Amino acid sequence: MAIFAIYSCSSDSSSNSENVEVERVESTPAEETTAEVDPMQDKGIGPISSVELGEIDETMAAEGKETFKTLCSACHKIEKRFVGPALLGVTERRTPEWIMNMIMNPEEMVEKNKLAKDLLAEYLSPMANQNVSEEDARKILEYFRSEDNKQ
Amino acid sequence: MKTIKNIIYTLVAVLVLASCGNTSSKKKDSKSGALSGNAAEKVYVAPGEHDEYYAFVSGGFSGQLAVYGLPSARLFKVIPVFSVDAEKAYGFNEETKPMLNTSYGFVPWDDSHHPDISQTNGELDGRWVFINGNNTPRIARISLSTFETEEIIEVPNSAGNHSSSFVTENTEYVVAGTRFSVPIPQKDMPISEYKSNFKGALSFISVDQETGHMGIKFQLIMPGFDYDLSHPGRGKSHGWFFFTTYNTEEANSLLEVNASQNDKDYIAAVNWKKIEEYVNNGGGKKMPAKYAHNVYSDETHTATSTMMNEVLVVDPTEVPGAVYFLPTPKSPHGCDVDPSGEYIVGNGKLSADLTVHSFTRMQEAIEGKKFAGEAYGIPILNYEDVVAGVVKQPGLGPLHTEFDDKGNAYTTFFISSEVVKWKLGTWEVIDRKPTYYSVGHLMIPGGNSRKPTGKYLVAMNKITKDRYLPTGPELTQSAQLYDISGDKMELLSDFPTVGEPHYAAGCPADLIKDRSAKIFKLDENKHKYAATSESEAKVVREGNVVHIYMTMIRSHFAPDNIEGVQVGDKVYFHVTNLEQDFDVPHGISMIGANTSELLIMPGQTETFVWEPKQEGVWPFYCTDFCSALHQEMQGYVRVSAKGSSVPISYTLDGDPTDAE
């Protein structure tokens, strides 16, 4: 049983906040995985576990663009690196789930997700949580898809 | 696998529970071993844990309202109300300057006294807290969602706005009674002609239940006494309001002696429902009166000040049955109504006994028309006909009484420095505990409502003397926390306060904490000069006025390089915080600006003015540590000579700011 307990803790430590007591038991540095993550498989950490993509909905994309302008454009430009990375081609580099989780759950992502941690190391400024709703995050994703589709 | 995991979680949970059980039983052992040494434990709120109650403590001559947690007595916030506050730019930024406008012009200070939390059906509802400005008579309403002052209304015909700001049991009215009687309307006349010429105004300020907006419904123009404190009736006495008076002698000099001649002063019982009906039917008289009404909007993030021109006054003698005087020994201060609404306690500060009147007896006496006489046409009831009981020789100098949930009353005694617990109905003294020193008011969370709590009592002291390390001639003001859950009160802690703590209002934290605002939504920002995205950031010259529409987000301003400003310009920085996350304000200040920094909440816009006096390149920066790159959050304004040909331009990273 003890073996099971430790196993369960180490594999699950990121998503079970109730297990704080137990995490402490196995807080010997968890083996950092050195294997390269396949970005197109990584869904990130956060409320979004799967996204169904259909044809690009230009109405949604246009609404997403407006939200992006208000909440995101102070740090992200589409075509150039700014405070954060340029976003052109992001839908070809990341899964839709990862993109939405990064928008909606940036603190946990830069703390625990390897791809997001690497980005923080490169850009230094942690992404701000702009309290974007799931609906708005989905529309922003559609805006990115629309931009990438133009290329 | 899922099943196995569940089993594991269960096992873990059992282990955790078992360990908790051990800890708590150990604690119990150590408690029972100690004699009475658990006061520290009772006020200790572990790091990361929350207090059980909010306490809103008046700042007295600081003009502000302090927010504490109980039982820890940790200070959470000082809400600026009547005084400018550089920390929050209150009264310094363009948006809040109108809040401090009065008929006397901009008054940047007041003496804040008696906070009271809004009520519904006689119970605290956590919508707003009201507080009075004593010196330049004003009533403020503070939102318990934003913890900001949203409205201030000046009270005309009033002076020393002391018997304020108490609310009726559905917050129909917040009441403001004058301490000093004055000529109404004001005029140049000999002070020696005070008697019968000076009047005291009791103002009933209606509160809109949706917006909270205040308006003076009517002012009752009473005889020229000093109206000291007041409390609303509740339950059976809802519809009445009670005011203590002193100086019924109508002295105008050396009041210390001359206002203490009468054996009894009065509690004025005002049937406000009757007067409201009279007024709604066209009663009362409009008179010219200049007073400011200032309202702050969370949509425009801006206050507006409107100067009002008239007020409705009511002569009490024209509304029969509306006002009675209850004789009460002797120069009573606190006027306190018990949770049932039956008992009205007059805390006669020069009396050896504590007088408690009965609302039922008062009504019987009124019905039986048993009057002892009249004062300026207002019927005086017989003391013997209205008194319910007397607490015999409980202490010296009673000032104020509050109540718990078990039928007990707690009265402060200023001269003998103690809190005395006594029983409603039997009038027997149950317990007394010293205070350190010279206690004024006290507060039990929910004390001024139908449902007081019974766990804590806060005593607010006038003298501190030896209780803290000395800090020069000025000592901190102080409050003390008592545990009142048992038969005997227990002193738990001393804690310093901001300014003089005249009075406080408290409530369970659960009533407020979940309704607290976290951000202002950018798409609801209607500030005239808001830039709700970087694409809206710009700099506009209008003659010698320059408007900078600036944005801020971790960790840069947009624009951060501005050129084309000239010496002699009036430069408005309108700055919008684009953050939409809780607890991420940014600040901004400009070298040499004759005002405070701004501290801008997420989604909010604020403005400061800068009048550059010298050519050069002048930096501005974020004043609130906001991120790891806070030190990088800075920018420059280039100031050229007057009439220079350098055009207005503005960039971020070399590019004119825009969305992409």
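Residues numbered from 1 in each chain as written. Chains lettered and ligands numbered in written order. Predicted model: local features only at pLDDT ≥ 70, side-chain atom pairs only at ≥ 80, totals over all residues. Heavy atoms only, no water.

Visitor: Where do I start with the overall build of chain A in this structure?
Guide: Along chain A, the regular secondary structure elements total eight helices and zero strands. For chain A, the succession of helices and strands along the chain, N to C, is α-α-α-α-α-α-α-α. (Helix = DSSP H or I, 4+ residues; strand = E, 2+ residues; numbered from the N terminus.)

Visitor: Before we go on, may I ask you to explain the overall build of chain B in this structure?
Guide: Counting secondary structure elements, chain B contains six helices and 45 strands. Relative to a compact globule of 660 residues, whose C-alpha radius of gyration would be 26 Å, chain B shows 28 Å and is just as compact. Within the span of chain B, comprising 660 residues, buried residues form 58% of the whole. With an accessible surface of roughly 26,200 Å², chain B has 53% of that area assigned to carbon and sulfur atoms. Within chain B, the 83 negative side-chain charges are centred at a point lying 5 Å from the centre of the 58 positive side-chain charges. (Rg over C-alpha atoms; globule rule 2.2 N^0.38 Å. Buried < 20%, exposed > 50% of the residue type's maximum accessible area, 1.4 Å probe, protein only. Areas by Shrake-Rupley, 256 points an atom, 1.4 Å probe, with all protein chains shown as cover. Lys, Arg positive; Asp, Glu negative; His and termini not counted. Charge placed at Lys NZ, Arg CZ, Asp CG, Glu CD.)

Visitor: I keep staring at the sheet that holds strand β27 (residues 408-413) of chain B and nothing clicks. Help me out?
Guide: Across a sheet, paired strands are connected by hydrogen bonds in the backbone, their directions being either parallel or antiparallel. Residues and elements named next belong to chain B. Ordered in space as β26-β27-β28-β29, the four strands form an open sheet in which the pairing is antiparallel. Across the chains shown, the open sheet's two edge strands, defined by having one partner strand only, are β26 (398-403) and β29 (429-434). Neighbour-to-neighbour, the strand axes of the sheet open up by a mean angle of 20°, direction not taken into account. Alignment of β26 against β27, held across five bridges, turns out to be antiparallel. The partner of Pro-398 across the bridge, within β27, is Phe-413. (Pairing = 2+ DSSP bridges. Axes fitted to C-alpha atoms, helices over the stretch in contact; angles between N-to-C directions.)

Visitor: Looking at this model, I keep getting lost on the packing of aromatic side chains. Mind explaining?
Guide: Both the distance between ring centres and the angle between the ring planes are used here to describe each pair of aromatic rings. All names here are of chain B. Tallying each qualifying case throughout the model produces 34 aromatic pairs over all chains. Seen from their ring centres, Phe-557 and Phe-620 are 5.2 Å apart, and the 75° between their planes marks the pair as edge-to-face. With Phe-557 in strand β37 (residues 556-558) and Phe-620 in strand β43 (residues 616-621), this pair connects stretches of sequence that are 63 residues apart. Here Phe-557 matches Phe-620 in class, with each residue buried. By way of ring pairs, the aromatic residues Tyr-173, Phe-204, Phe-218, Phe-241, Phe-243 and Trp-272 are connected into one cluster. Here the guanidinium or amino end of Lys-349 rests over the ring plane of Tyr-246, the centre of that ring lying 4.6 Å away. Of note, Lys-518 hangs over the ring of Phe-582, and the distance from its end group to the ring centre comes to 5.3 Å. (Phe/Tyr/Trp six-rings, centres within 6.5 Å; stacked < 30°, edge-to-face > 60°. Lys NZ or Arg CZ within 6 Å of the ring centre and 35° of its normal.)

Visitor: Mind showing me how you'd approach the environment of B:Phe243 here?
Guide: Residues and elements named next belong to chain B. Tracing the backbone shows Phe-243 in strand β15 (residues 240-246). A residue is classified by how much of its surface remains accessible, and Phe-243, at 0% relative accessible area, is buried. In this structure the C-alpha to C-alpha distance between Phe-243 and Leu-326, which are 83 residues apart in sequence, comes to 9.9 Å.

Visitor: Sorry if this is basic, but what is going on with unusual backbone geometry here?
Guide: Leaving glycine out, the prevailing phi sign among residues is negative, and the prevailing peptide bond configuration is trans. Residue and element names in this part refer to chain B. Across the junction of Tyr-436 and Tyr-437, the peptide omega takes the value -10°, indicating a cis bond. The residue after Arg-554, namely Ser-555, is reached through a cis peptide bond having omega -5°. With respect to the helices, strands and loops of the structure, Ser-555 is situated in the loop between β36 (545-553) and β37. Of note in the backbone geometry, Trp-427 takes a positive phi value of approximately 65° without being a glycine. When you line up the elements, Trp-427 lands in the loop between β28 (418-423) and β29. Trp-427 sits in the buried class, given a relative accessible area of 14%.

Visitor: Looking at this model, I keep getting lost on the packing of helix α5 (residues 96-104) of chain A against helix α8 (residues 134-150) of chain A. Mind explaining?
Guide: Packed helices, taken two at a time, are described by their axes: the angle between them and the distance between them. All names here are of chain A. Direction vectors running N to C along α5 and α8 enclose 125°, while the axes themselves pass 10 Å from each other. On the basis of their axis angle, the class for α5 and α8 is oblique. Relative to α8, the crossing made by α5 is right-handed. Touching Pro-96, Ile-99, Met-100, Ile-103 and Met-104 of α5 are Glu-134, Ala-137, Arg-138, Ile-140, Leu-141 and Phe-144, all from α8. Residues of the contact of α5 with α8, tallied by class, amount to nine nonpolar, no polar and two charged. (Parallel < 35°, antiparallel > 145°, perpendicular 65-115°, else oblique. Left-handed = near helix turned anticlockwise from the far one by under 90°. Contact = heavy atoms within 4.5 Å. Nonpolar A, V, L, I, M, F, W, Y, C, P; charged D, E, K, R; others polar.)

Visitor: Just to check I follow, could you spell out the sheet that holds β43(B) for this structure?
Guide: All names here are of chain B. The six strands are arranged β41-β40-β43-β44-β38-β45 in an open sheet whose pairing can be described as mixed. The sheet is open, and its two borders are formed by β41 (598-600) and β45 (649-651), each paired with just one other strand. Across the sheet, the mean angle from the axis of one strand to that of its neighbour is 25°, orientation sign disregarded. Where strand β38 (residues 561-566) lies against β45, three bridges are found, and the strand directions are antiparallel. In the strand pairing of β45, Asn-561 is matched with Thr-651.

Visitor: For this particular structure, what's the right way to read the nonpolar core?
Guide: Most often, soluble globular proteins keep nonpolar side chains buried together rather than apart. Residues and elements named next belong to chain A. Phe-68, Trp-98, Ile-99, Ile-103, Ile-140 and Phe-144 are the most contacted members of the largest nonpolar core, which totals 31 residues. Secondary-structure elements contributing two or more residues to this core are α3 (58-71), α5, α6 (106-112), α7 (114-123) and α8. Looking at this core element by element, the count peaks at six residues for α5. Those residues in contact with Phe-68 that lie beyond four places of it in its chain are Ser-73, His-76, Ile-78, Leu-87, Ile-140, Tyr-143 and Phe-144. (Core = buried A, V, L, I, M, F, W, Y, C linked by side-chain atoms within 4.5 Å.)

Visitor: Quick question: what am I supposed to make of α7(A) here?
Guide: The α-helix winds at 3.6 residues per turn, so residues separated by three or four positions along the chain end up facing the same way. Residues and elements named next belong to chain A. Considered for burial, the residues of α7 that qualify are Leu-115, Ala-116, Leu-119 and Tyr-123. Buried residues of α7 fall within an arc of 95° about the axis and therefore sit on the same side. Elements that come into contact with the buried residues of α7 comprise α5 and α6. A distance of 3.1 Å separates the backbone nitrogen of Leu-115 from a side-chain oxygen at the start of α7, and that oxygen is part of Asn-113. Leu-124 sits one or two positions beyond α7 and adopts a positive phi of about 70°. (Arc of directions from axis to C-beta. Polar contact = N/O pair within 3.5 Å; in protein donor to acceptor, adjacent residues only side chain to side chain.)

Visitor: Can you help me understand helix α4 (residues 272-280) of chain B in this one?
Guide: Residues and elements named next belong to chain B. Of the residues making up α4, those classed as buried are Trp-272, Ile-275 and Val-279. Down the axis of α4, the sector holding all buried residues measures 60°, keeping them to one side. As for α4, its buried residues are in contact with β11 (173-178), β12 (200-207), β13 (214-222), β15, β16 (265-271) and β18 (302-314). In the stretch just after α4, Gly-282 is the one whose phi turns positive, near 95°.

Just distances and angles here, no functional claims.
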